[in-house]
Every structure is written in structure tokens, then in C-alpha cells.
Amino acid sequence: MAHRTEAETALKRLGIVLGLTRIGLLAERVTQAFWPLWSLVFLVLAALMMGAQDVAPLEVVWLVGLLCVLATGVAAVVGARRFVMPTRQDALVRLDATLPGRPIQALMDQPAIGAHDKGSQMLWRAHQARMAKNTQTARPVHPDLRVSRLDPFGLRYIAVLALSVAFLFGSFARVGSVGEMTPGNGAALASGPTWEGWIEPPAYTGRPALYLNDLTDASLELPEGSRILVRLYGEVGALTVAETVSGRVGEVSSAADAEQNFAIAQSGKLEIAGPGGQAWAIDMVGDVSPQISVSGTAEVSGRGEMTLPFEAADDYGITGGTAEIALDLEAVARQHGLRVAPEDHTPVTVELPLPITGDRAVFTETLIEDFSKHPWAHLPVIVTLTALDDAGHVGASAPEQMALPARRFFDPLAASVIEMRRDLLWSRENAARVSQLLRAVSHRPEEGVFRQETNYLRLRTVLRRLEAFSGRRLTDEKRDELAEALWELALKLEEGDLGSALERLRRAQERLSEAMKNGASDAEIAELMRELREATEDYMRELARRNQQNGEDGESQQLSENMMQLDQNDLQRMMDRIQELMEQGRMAEAQQALDELRQMMENMRVTQGEGQQSEGEQAMEGLADTLREQQGLSDEAFRELQEQFNPGAQSGQSRENEGYSGGEGRGQSHDGTGQGTGEGEDGSQDGQQPGRSALEDRQRDLRDELDRQMGNMPGQGSPEGDAAREALGRAGDAMEGAEDALRSDDLAEAIDRQAEAMEALRDGMRSLDEAMAQQEQQGQQGLAENQGNAQDPLGRSAGNRGPSGTEEGLLQGEDVYRQARRLLDEIRRRAGEGDRSEVERNYLERLLDRF
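Attention in this report is confined to the structure presented alongside it. A quick note: this is a predicted structure, and the numbers were derived from the prediction, not measured. (Residues numbered from 1 in each chain as written. Predicted model: local features only at pLDDT ≥ 70, side-chain atom pairs only at ≥ 80, totals over all residues. Heavy atoms only, no water.)

### Looking at the overall build of the protein
When helices and strands are counted, the protein shows 25 helices and 17 strands. Counting across all 851 residues of the protein, residues that qualify as buried make up 39%. Partitioning the contacts of the protein with sequence separation of at least 6, the portion at a separation of at least 24 is 72%. As presented, the protein carries roughly 45800 Å² of accessible surface, and 52% of it is formed by carbon and sulfur atoms. (Helix = DSSP H or I, 4+ residues; strand = E, 2+ residues; numbered from the N terminus. Buried < 20%, exposed > 50% of the residue type's maximum accessible area, 1.4 Å probe, protein only. Contact = heavy atoms within 4.5 Å. Areas by Shrake-Rupley, 256 points an atom, 1.4 Å probe, with all protein chains shown as cover.)

Now the structure itself:
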């Protein structure tokens, strides 16, 4: 019996381990049997804690509650049938399965044979002793709580998540409201039925919410869209809500619902019938549509921006608005390029500006937009303004007919380019007409139509691309690209890229004169007068600087017959007078005054130094010749490309475009020699274009010439000079590519490379011009330091002893009285000359009165 006592002792030592294993088995079986039950309980509890029963209709709450009770009962019954209470034997088996050799089962076994054999008994006891020793390592078995095979969709996790959210954002106090919904509950029976109600006007009205229980007036004025919330407490049906303000039709909730929510859509009656009920007559205050109108005349600034003032009003406030601009096609003069139907006349819509701060119920604002680039610029349009309020109501202004304000071009050539750009954007059918008119405009450029040769080259480039894209190949993208190029060209023609002060002054005077003829607006007059004033100031500074340079040899300057020095205030008064006359509409007098000012400024020409050109000027002239020759080569390559697709078609055009470098093979040559390319030249007696080999040779010679020019380029070491060399290097590479393309008979590729070369040449010339300007500025600074003895035309010091225009150093020298007498006699003589202008003679008379 000793071995039996030893086995029982080993099993008793496992009592705690067996107990914990049995508890784990219990948790495992409860989880597997009842997980649907607690998942359902978690979901219902989460819904109650979040207050779902308070917002749902009473019928829905009762229906869902009944379904939940049934589902809970089913889950409990199924779980009870599947649940089996774990026994001690189940725990022993589970624990024994985790031990090596199943020692617990061995301790509980009895030998089947050899019970009376002493050797067998000794062997069995040794075996059980070894098994008892193995039980000392036994540990409680962890339960298997996984039910993934029973819940493949993870419903239990959804229930846990919902309960967690309810704990964070819900409240246990809401669960108690379920009891209040039961009929005949103690609290309801004790207090009787009761109700609560609230009225919440729309937020944009700014009105406060109202508590219905505190309102004793029988009639109420409420804004449209106000929401009414009524809650009924107590026995269902004891209180009901009757209303005629919502205008609801169709499926309407029960009048006895515990909670009712609706919006005011019309005037009517609201009544809560039952114990403690009340009734109100509601007068709805409708939301008025916003009003908007144009409050002034549309104007345009000197830079082309349209300003259109408008005023808007609403009972509560405006949240947005638009301006719709539609083409008034019936009022358009259908002539020239506007004769064809427009490709697109979709109205243009822009947002209206609103006040950033302050009240938006009544305000005045100004719409500022730039429509200068739009094809409808200066054409008849109809402008309609619309305003929107918070209620979604839209108000519109009366249609306003006007010519779409935009920038005006006073230069005749720039105005013609803008008109051609408008015709091209109006319809692509105008492409051929635009091409013909641009050729006519640029027919004789040597007659001074183009102030700068680069502008002519730009026009020729646009014209060549337009003819290449004519027909079906002119897509929207290419048309817009050409329109942008024409716009940039018109700006260059209108504003210019003037390098001298005198040229800027002349340009400003010409633009102002054109504005007088074309009836410019006050804003345009002010802008042009500003440009004239700036150009005049620059010219006067240039005049003073050149006078100092011419007097650096120490010789005194004498008053010449055509030079006089004006006071800046006199010039300012003259320009103020011109602007005043223009604003008064006295254009003839303003033109006369402008002519007098122009004549006076012409009499003050800047003395130009004589002698040889500087190194920079020679480089600029050489690059201009190279650019002109490259343009000519590109034109010839383009004509040959056209001849490939339409042989003989260019014979009629070759004679129309004579007369300028970069033309079509006639007039001045493309190589800068000034010789023609008519009959008998280039080995062709019949006037045909030179062959591909000739183009290739001329392209190679032009590239060699550019390499030679780069070797003599000034400005080395400066950023501007290095930029010029980099640009000219790109031009050389592009020329080499064009040469290879001509050698391969690829004219299209050659034209592209030539266009790149011309653009790089223009960049190089701009950078070289900046480098020359930088050197000139540095030279002027050095010159100013060494002009201490220079004198101005009145004998005053122009150096360090006193600035020009002051009395410092005025009486310098030994014979100052003789010099003053000589100047006074000269002024008297000029004042007595009748051929001088009245303005100049008045100025001289003021000098005589003063001295």
C-alpha cells in the first residue's frame, strides 16, 4: 500500500494546480457558449448610453427593444444548451495532456498482471515514483478563450468597440430614460403628462433660441426656416401636437410622438393639446431675396483694369455674388474680322468682392478685373450681377449694356496687332485674313513703321508660325500661343524697349497725342501724363549728365543759339496745364501746348560725342546684323518647306513681301550686304530660291562669324558679360544643329533650331546691353570724381564745390560782373525775337523781371 499512498500524495500536491485549471476550463466554456449573449448585451447597452432611445420614435424603440429581448433569450437558451460544467476529471485530463509521459494517468492506473510477482511490483513502484516526480513540474493550464472559428466576422469586437465609445461619450444616466417610456410607470403617474418645447431661428439671423414653456403671448413672429422641437413626457397619447406651419404632406409622424421636430415654412398655428397644453398663432417673417445693382459707370485704368462699382443689400446678409458678362452679339458691328460667327461666346463669370469686415447686409463695393486680353475687349457686352444669401435666395441686377472696358493701345501699329489678335481669337477662320493683313502692315518696314528692328523680327516669327499652322493644324493651344505672342508684341510696340531718354520722351509725347485724338478717359490721361513727366525728368537728368561729360576738358560752356536751361517748376506747370486742358475736353488747346513743349524739349538736344564707336557698340551692331541674317535664312528655309507641300504656291507671294532684311528673297539681302537676291544672283537666272547646299554654307558662315564676334566680346568677368557669352554659346549650338538639319534635308528641324538661335541671340544682346550700361555707370562715377573744375552753361561749378542749380559757387572767377552782363544781354536778345514760342518768351521775361 506504500506505492498507493505515494501516488495519492502526488495527486494531492496538484490540488491548487487542478483548481486553477478547472476555473480556466469554466471560463473557456462560458465564453464559447455565451459570446453571442454578451455581445448583444454590449450593443444594447452602448445604444442606451448614447441616448438612441431619446432620438428615435417611440414605436421604433419598442420594436427594437422587443427584438433585443427575443434575441437575448435565444442566445441565453442556446448558450445554456451548449454549456457543460467542467469536472475534476476534465481538469486532470487537461493538465495531464500538458505533462510529458502523462504522469497523472500513470499514477491513477493499476497493473493488469503481475500483481503477485515481486519483481513486477518493484518495477511498477519505480515507474510510479518517476511519474510522481514528473508531476512536480505541473503548472495551471491557460484557458483557450479564442472563438474566431465561431465568430468569423468579428462581431464580438464590434460590440466591445461600441461599448468603449459609449463609455467615452455616453452616460449611464441616459439608460434610465427607458423606464420613463413604459406606460403607467410610477413617476409619470405621480406627476402627470408634461411637455417642453424650443424654437431655434436660423443661425444667420442672429436671433436667440426661445423656450416655448416661457412664452405667454398668443401670437409669435418667427423668421422663415426656424425649427421647432417639442418633447412630450408621460403616458403616450395624453399629449398631442397639432401644427399647420411646417406645410408637411405625405407621410407625417404621429401627433403623439414623444419628440417632434419640424421647420416653419408658412404662417399658421401651433397647439399642444392635453393637460397643461398651450396654443400660439405664428406669423412667419419671410426671407427677402437680396438686391444688387450697378451704382456707377464702368471705368478703365491706365493699365487696362476695369472698375465697376455696385451696391447690394439683404435683410440679413449676403454670402456671395457673381458678375456674368455675356457678349451682346446683336450689337456687335459684324464687319471685318467679326463678320464670321464667333467660335465661343460662353458668358464669362467672375466672383464679386465682399466686405472683409463689417456688415454685409448693406454695402458698396467695386469689381476690379482686367479683361484686356479677352477677345471681347471693347465689344458690346451685357453685364448681370447676382447676389446670394444664406437662405439660398438669389437676386439679380438689371442687365447693363456697355462696351467691355479694357486697355487701349494708342500706337497705330500696336492697335492693328491687337485687332488682328482679337480676330484670331474670335474665330480660327480669320487665320488667313490675319496673315494677309499682318503682311500688309509689315510690307515696308524700312519706312519707319517699326521703331526697332527686333519688333519686326518678332512679327515675322509670329507670321511664319501662323502660316505654318493655318488650316486644321491650328489647334486651340497653338492659337492661344500665337495670341499671347501677338499680345507681347503689341506691348513692345506700345510701350517700347527704349534705351535713350530722348526716345522715351518722344514716345510719351506721341502716345499722349494719340490719346487726344482717340478721346482717352481721365484715368488713361493721368497714366499718360505720369509717363510724360517721368520721361521728361529722365531727359533732363540725361541732359545735365551729357553737359558735364562735354565740359570735362575744362573749357567753359557757352549758351548756344538752340540751348537754354529751364526751371523744373516751369516744366511741371506746363504739363499740369496740358492735363487740365485735356480733362476739360479742350483737346485742340492741349495739343497746341503739347507741341510747344515738344519744340522746347527738341531745342535742348543732348550733345552726342563724336568719334569712333565703342567696343560694346560695335559688338551690338555686329550681333544685330547676325540676328538679321539668321532671320533671313529662317525665312528662306520656311519658303522651301512650303514649296515641298505646295509647289509653285509661293511665286505669287514672293513679290508681295519685298524690301527688308528677313523678307522673302527680294530687296535687301539676308546676309547684311544690302544686295538683292533677284535674278542673276546665287547662280539662279530665273529668280528661284537658293539650293539647300547654299543655305547650309550660309548657315555655317554665320556660325563662324558668331564665333569670331564672341572672341571680341566686351564685359568679360562681369555677371552680365558672362550671361551674354552663355546665351551666344547656346545660339552657336542651335546654329550648328540647324546646319546639320539642312545637311540632312530636314527643313522643319532646321527652322526650329534657327528659331532657338534667334531667341538665344536676343538674350545675348540684352545681357550685353546690361553689361554696357553697367560699365557706363561705373565710368560716370569715376568721371564725377574728376570734374571739380567743370562749369555749367551759366558758369556755375558742376563739381564738388556745389551742386548744379544752387547759388553755391555762382560768383566765381575774376570778371564775374562782365560775365553776368553778357548773360543778361543774351536773355534780352532772345526775349525780343518774335519767332520764339510764347511760353519761352514768357519765361525769358520772368527772368528779366527777376534780375
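### Topic: the pattern of salt bridges
What the rule picks out here adds up to 32 salt bridges. The residue arginine 479 makes a salt bridge to aspartate 480 at a minimum N-O spacing of 3.4 Å. According to the relative accessible area criterion, arginine 479 is buried, its value standing at 12%. Of the charged contacts in the structure, one is a salt bridge between arginine 628 and aspartate 625, with a shortest N-O distance of 2.2 Å. Separated by 3 residues within a single helix, arginine 628 and aspartate 625 lie in helix H19 (residues 615-645), roughly one turn from each other. One salt-bridge network, in which partners are shared between bridges, spans Glu696, Asp697, Arg700, Arg703, Glu739, Asp740 and Arg743. (Salt bridge = Lys/Arg side-chain N within 4 Å of Asp/Glu carboxyl O.)

### Quick look at the packing of helix H13 (residues 453-468) against helix H14 (residues 476-495)
Interhelical geometry of H13 versus H14 gives an angle of 165° and a closest axis separation of 10 Å. By the angle class used here, H13 and H14 are roughly antiparallel. For H13 against H14, the interelement crossing comes out left-handed. Of H14, the residues touching H13 (which contributes Asn455, Arg458, Leu459, Val462, Arg465 and Leu466) are Glu481, Leu482, Ala485, Leu486, Leu489, Lys492 and Leu493. (Axes fitted to C-alpha atoms, helices over the stretch in contact; angles between N-to-C directions. Parallel < 35°, antiparallel > 145°, perpendicular 65-115°, else oblique. Left-handed = near helix turned anticlockwise from the far one by under 90°.)

### Describing the pairing of strand S4 (residues 227-233)
Regular strands place their side chains on alternate faces of the sheet. Where strand S1 (residues 194-200) and S4 come together, 7 bridges link them in antiparallel fashion. What sits directly across from glycine 197, in S4, is valine 230. Relative to strand S6 (residues 259-263), S4 runs antiparallel, the two being bridged by 5 bridges. In the strand pairing of S6, arginine 231 is matched with glutamate 259. (Pairing = 2+ DSSP bridges.)

### Describing the sheet that holds strand S3 (residues 219-223)
One open sheet accounts for 4 strands, arranged S3-S8-S7-S5; its pairing is mixed. For this open sheet the edge positions go to S3 and strand S5 (240-243), each flanked by a neighbour on one side alone. With direction set aside, neighbouring strand axes in the sheet form an average angle of 25°. In this structure, S5 lies alongside strand S7 (residues 268-273), joined through 4 bridges in antiparallel fashion. Paired with threonine 240 across the strands is alanine 273, a residue of S7.

### Side note on the packing of aromatic side chains
With the rule as written, the count across this model stands at 7 aromatic pairs. Judged by centre distance (6.1 Å) and plane angle (45°), the ring pair of phenylalanine 34 and phenylalanine 83 falls under tilted. Highlighted residues: phenylalanine 34 in helix H2 (residues 15-49) and phenylalanine 83 in the loop between helix H4 (58-82) and helix H5 (88-96), separated in sequence by 49 residues. Judged by centre distance (5.8 Å) and plane angle (50°), the ring pair of tryptophan 198 and tyrosine 211 falls under tilted. (Phe/Tyr/Trp six-rings, centres within 6.5 Å; stacked < 30°, edge-to-face > 60°.)

Worth remembering: the numbers are spatial, not functional.
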